[in-house]
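Residue-level structure breakdown
So the chains spell out like this:
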Amino acid sequence: MSVARVLIADAPIPSPGYGSWSQRITYLLEQYPGNVVDYVIGNNGADAFHSARTKRYNLQLRHNRLMNRLLKHWKLQAYKTALKEIAAQHEQLIICIVDSIRTKHAVWHFLGQMNIRHKCKIIYYQCGYSTYLPSNKYEALMEGVDEVIYLSKHSYLYELEHNPSLPFTAHVLHNPIDNNRCYPLAPAAKQALRQELGMDNGCQFVWSSQHRKKKGLEVILKAWQQLDHKALHATLHVVGADTGEQIPGVVFHGRQPNHEVHRYLQAADIGLFSPLWTEGFGLSLAEQMSCGLYCITSWVGGVKDYFDAARFGEAIETPNMPEAWAAAMQRGVANVSGFQSPALQGPVFLTYDEWCARFCDILA
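Quick look at the structure, then. (Residues numbered from 1 in each chain as written. Predicted model: local features only at pLDDT ≥ 70, side-chain atom pairs only at ≥ 80, totals over all residues. Heavy atoms only, no water.)

**Digging into the side chain of threonine 54**
- In this structure, threonine 54 sits in the loop between β2 (39-43) and β3 (55-59).
- Residue class for threonine 54 comes out buried when judged on its relative accessible area of 6%.
- At a separation of 2.9 Å, a polar atom in the side chain of threonine 54 contacts the side chain of asparagine 35.
- At a separation of 2.5 Å, a polar atom in the side chain of threonine 54 contacts the main-chain carbonyl oxygen of valine 37. (Helix = DSSP H or I, 4+ residues; strand = E, 2+ residues; numbered from the N terminus. Buried < 20%, exposed > 50% of the residue type's maximum accessible area, 1.4 Å probe, protein only. Polar contact = N/O pair within 3.5 Å; in protein donor to acceptor, adjacent residues only side chain to side chain.)

**With respect to the packing of aromatic side chains**
- Under the counting rule described, the total for this entry stands at 16 aromatic pairs.
- Consider the rings of tyrosine 150 and tyrosine 156, whose centres lie 5.7 Å apart with planes at 50°: the pair is tilted.
- Taking relative accessible area as the criterion, tyrosine 150 reaches 0% and is therefore assigned buried.
- For tyrosine 156, a relative accessible area of 26% translates into the label partly exposed.
- Residues phenylalanine 205 and tryptophan 224 carry aromatic rings whose centres are separated by 5.6 Å and whose planes lie at 75° to one another, so their mutual orientation is edge-to-face. Pair noted here: phenylalanine 205 is in strand β8 (residues 203-208) and tryptophan 224 is in helix α8 (residues 217-224), with a separation of 19 residues, a long-range link.
- Its end group placed over the ring of tryptophan 355, arginine 24 keeps NZ or CZ at 5.4 Å from the ring centre.
- Directly above the ring of tryptophan 277 sits lysine 214, whose terminal nitrogen or CZ lies 3.5 Å from the centroid. (Phe/Tyr/Trp six-rings, centres within 6.5 Å; stacked < 30°, edge-to-face > 60°. Lys NZ or Arg CZ within 6 Å of the ring centre and 35° of its normal.)

**Some points on the pattern of salt bridges**
- Considering all chains together, one arrives at eleven salt bridges under this definition.
- Among the charged side chains, a network of salt bridges with common partners joins Lys190, Arg194 and Asp269. (Salt bridge = Lys/Arg side-chain N within 4 Å of Asp/Glu carboxyl O.)

**Observations concerning unusual backbone geometry**
- One non-glycine residue, aspartate 99, lies in the positive phi region at around 50°.
- Backbone geometry at tyrosine 132 places phi at a positive 60°, although glycine is not the residue there.
- Within the element layout of this structure, tyrosine 132 appears in the loop between β5 (120-126) and α5 (135-141).

**So, the sheet that holds strand β4 (residues 92-98)**
- Here we have seven strands laid out as an open sheet, ordered β3-β2-β1-β4-β5-β6-β7, and parallel in their pairing. Where the open sheet ends on each side, the last strands, each with one partner, are β3 and β7 (169-172). If you compare each strand with its neighbour and ignore which way they point, the axes differ by 20° on average.
- Pairing between strand β1 (residues 3-9) and β2: four bridges, direction parallel. In the sheet register, valine 6 faces β2, and the bridge partner there is tyrosine 39.
- Each of β1, β2, β4 and β5 is contacted by helix α1 (residues 20-30), which is oriented at about 155° to β1, the strand it contacts most.
- Each of β5, β6 (145-150) and β7 is contacted by helix α6 (residues 153-162), which is oriented at about 130° to β6, the strand it contacts most. (Pairing = 2+ DSSP bridges. Axes fitted to C-alpha atoms, helices over the stretch in contact; angles between N-to-C directions. Contact = heavy atoms within 4.5 Å.)

**Considering the sheet that holds strand β12 (residues 294-298)**
- The strand order across the open sheet built from six strands is β10-β9-β8-β11-β12-β13, with neighbouring strands paired in parallel fashion. In this open sheet, the two edge strands, each paired with only one partner strand, are β10 (250-254) and β13 (313-316). The average angle at which neighbouring strand axes cross in this sheet is 20°, direction not considered.
- For strand β11 (residues 270-273) and β12, the ladder comprises four bridges, and the chain directions are parallel. When the bridges of β12 are listed, isoleucine 270 appears paired with tyrosine 294.
- The sheet strands contacting helix α11 (residues 283-290) are β8, β11 and β12, and the helix crosses β11 at an angle near 170°.

Next comes the structure, spelled out in structure tokens:
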């Protein structure tokens, strides 16, 4: 039987340099020797695509408000054309849709129009902690879905608790870490990197994420201003954001390409991860841990799958409260000198190759 494995993702492939999902899927398609994906369908990407196995359908979304109102899923009609061409060449399709409610509904509609639902297996990759849909809408999202991939066990358990029916096979697949970049440095190498990045010999805090309100930067900055950072000889480095403020003891590094962020983590002492929502996994925290930092994190979402405060630092159960962070930072300065990171003994999380192998097993 001829089986086609099809990956459908909104993100452009290959990755333009930002976004963790698109970077690891680009690695899978272009570099991983065990790649099993035959086709990838996604939004128009400008970069050249080089894969020995996978054919890319690089599609342009249609933008016409009138047609979108008149014709169901008209915006994604190019996806139907690609699926029709693939289905004509294969007896069975295994379709993995990456975290897009709109795309899933459109694909299911197109498969029905083409009368090929019977020859298709659908896998839905849920990259957030939850869709937070009411149970009837979550049931509609999962219509026709055979398998679901969750980022954490806690995410799966949340859906199990809040939905009366989950009629599919479930998998938990943690995000991987690029262990070629995220690893602890030897003391001499760390000191050299600090000098290169303009850091002094004091305690270096780092916050690394996108600048969105739910990421908690405002709470961290309020907490910082409650500290006597001069007495602590401490500096806070904000990577991924620049508020335009002048705050004593804070250095804003602005948005950085993913391949540069690890340098700030490797040079720092204490990592801060402050989401004010239930993150699906918490990749920024995982990167901080992998770089050997003493970490202070919000105790929410997928973090609960892997963060052990006794081994890695401290968990904040009231992350919206600046005073809780200020107290934890104060304790962190006192505790970091005796901290031995488990990352010094080897990778704490899945490597890219390990993630690729598990993902391909699910598609098999």
